[in-house]
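Examining the three-dimensional arrangement
Residue-level listing of the chains:
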Amino acid sequence: MKVDLLITDAEFLTQDPARPVAHTAAVLGDRIIALDADCQGLRPRRTVRADGAVIVPGFNDAHAHSVWFGTSLLEADLSTCQSLPGLYEQVAAHARAKAPGEWVVASGFNQMDTGGEYPDPSELDRASGGRPVWIKHTSGHACIVSAAAMRALAITGSERFEGGRVVVDEQGTPTGVLEETAMALVHDYMLPLSDRDIVEALAAAHRVYAAEGLTSVTDAGIAGGWIGHSPAELGAYQAARQEGALAARTQVMIASDVLTDIAAGEETFHGLPTGMRSGFGDDRLSLGPVKIFLDGSILGNTARMSAGYTNCPTNHGYFQADPELMRTRAVRAAKSGWALAMHAVGDEAIDLAIAILTEVRGIAPPLPHRIEHGGVVTPEQLETLADLGATIVSQPHFMRAYGDGFRGYIGDERTHWSFRSASQLRAGMALAGSSDRPVAPGAPLEVMTSAIHRQTNSGWVYGPEERLTPTEALRAYTAGSAHVTGWAGQKGVIAPGYLADFAVLDASPLDGDPNQRRVLSTLVGGEVVFDESRLWEGTVGR
Ligand SMILES: [Zn+2]
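Definitions and limits used
Residues numbered from 1 in each chain as written. Predicted model: local features only at pLDDT ≥ 70, side-chain atom pairs only at ≥ 80, totals over all residues. Heavy atoms only, no water. Salt bridge = Lys/Arg side-chain N within 4 Å of Asp/Glu carboxyl O. Helix = DSSP H or I, 4+ residues; strand = E, 2+ residues; numbered from the N terminus. Buried < 20%, exposed > 50% of the residue type's maximum accessible area, 1.4 Å probe, protein only. Donors = N, O, S within 2.8 Å, 3.2 Å for Na, K, Ca; no water. Contact = heavy atoms within 4.5 Å.

**Re the pattern of salt bridges**
- Tallying each qualifying case throughout the model produces 23 salt bridges.
- Where Arg 49 meets Asp 9, a salt bridge forms, and the shortest distance between an N and an O atom there is 3.6 Å. Placement of the pair is Arg 49 in strand β8 (residues 47-49) and Asp 9 in the loop between β2 (5-8) and β3 (11-13), with a sequence separation of 40 residues.
- Using a relative accessible area of 40% as the deciding quantity, one classes Asp 9 as partly exposed.
- We note a salt bridge from Asp 283 to Arg 249, for which the minimum N-O separation is 3.0 Å. Residue Asp 283 is found in the loop between β20 (267-271) and β21 (285-293), and its partner Arg 249 is found in strand β18 (residues 249-255); the two are separated by 34 residues along the sequence.
- Look at Arg 249 and you get buried, because its relative accessible area is 1%.
- What emerges from the salt-bridge pattern is a single network uniting Arg 249, Asp 283 and Asp 501.

**Quick look at the coordination of the zinc ion**
- On the protein side, the zinc ion has His 63 (NE2), His 65 (NE2) and Asp 436 (OD) as donor atoms, found 2.1 Å from it.
- Site description for the zinc ion: donor spacing in sequence, H-x1-H-x370-D. You can see His 65 sitting in the loop between β10 (59-64) and α1 (66-73) and its partner Asp 436 sitting in the loop between α12 (422-426) and α13 (444-453), a full 371 residues away along the chain. Each of the two residues, His 65 as well as Asp 436, counts as buried.

**A closer look at α13**
- Here α13 lies mainly inside the structure; eight of its ten residues are buried.
- Among the structural elements, β10, β17 (214-222), α11 (397-415), α14 (470-484), β25 (502-505) and β26 (519-524) are those in contact with the buried residues of α13.
- Positive phi appears at Arg 454, one or two residues downstream of α13, with a value of about 45 degrees.

Here it is as structure tokens:
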């Protein structure tokens, strides 16, 4: 029998308990068809000797934001600014390349880097030469606009939002900070992005993915709400795919704001016009769950907690909308064939997610239901979630990027219940790998290292009992993510019948810290999408 590709002299870390290591693999079309002895007698069109390279299933980020990340690659980057003067300088440098009056857009701002200080609207005007400035907070849950931007947007400070606010000082003057749903003031003005802008952002993001061994990514919210970039965002995704800009397989979550009631004879569905829902698409581009924001973020002190924030005990954060309304809509979406991905960070938001999951328990979802983040999950809540067969998609790299800040906001006790990983495995729950990029950096080998150490910037270990072993971290980023995104049996494992998605590494990520390893090349469906190794020369575009 003829096969397209035979890879020999490799160390495949298969993630298949029945055969943890293999040395030879045969690929036909986009699938693995045989390993080791079963490859004997096959006639390969091409053979690649891997010189002992370690090959793992391609990494799968179960929660990232590809369009948002891609656009941030093209904006002023504030993530390395350590002071407000430094931030103003960065804005000024970026503004100089712009026409007068053109907007200056920046991302990556985190007040933890500037001693808790937010930029001043008038100082931003000075830095930008009067051009309106829009700074996106790294959490995604707030933004800062300059005085010129506030004039352009006609912001007075008297605007009222459910699930968000225009922050004002004691005199009632707007500070430029827009929280949560109040970000609509600037979004409505700046968006939608054109199809072309979205395709370019995706191309930029996917170039990074390919170089990092990422072969699957879930974009956690498109097409609506504060997270979407255009009501036609899925169409732009299709255009990007047609142009070959999507190196990694992509699953998209649809923002819940987009779902409407659709009458179909006797029944009324809560979904998208045409009736398509979770699971639609193919292994390159598919519809994932509906993304429902129940609350905000710890960093913005907007996640809904049963106990107050340590730095301001009267503040419990808030829900993004009336909890009863969110519950009803989520249940109706689940009954209409949607898997649910519920952003829940504070423990009161987790309670709401549990109430919803309990109510939809009897309906088999097309993909697993999931909770995003889980900033505070009490031991009792974890037990209930395990009972419900749910999973929490948490981001261990938050510990590195924001752990010290989180600790200050929620206090030591709650850090033990925060962004859980190992306790999910102990409770028999599935565990995915994810970054929430660009909220935090997203290179898989870096995120895996954070999952193993959970060390904050200052060196403190955040929730030590939640640390993973290297084996568990690798499994989460491959087989775990495949399971949680509904692709178990198709990806995440190197075994016959699975998609031929590989990350080729210079050495094992299980010896020492994964971030000491280097991605040499990346294959998606047997095709080389990144190659620094020269192993695959002549194989590109096979
Ligand atoms: Zn996210």
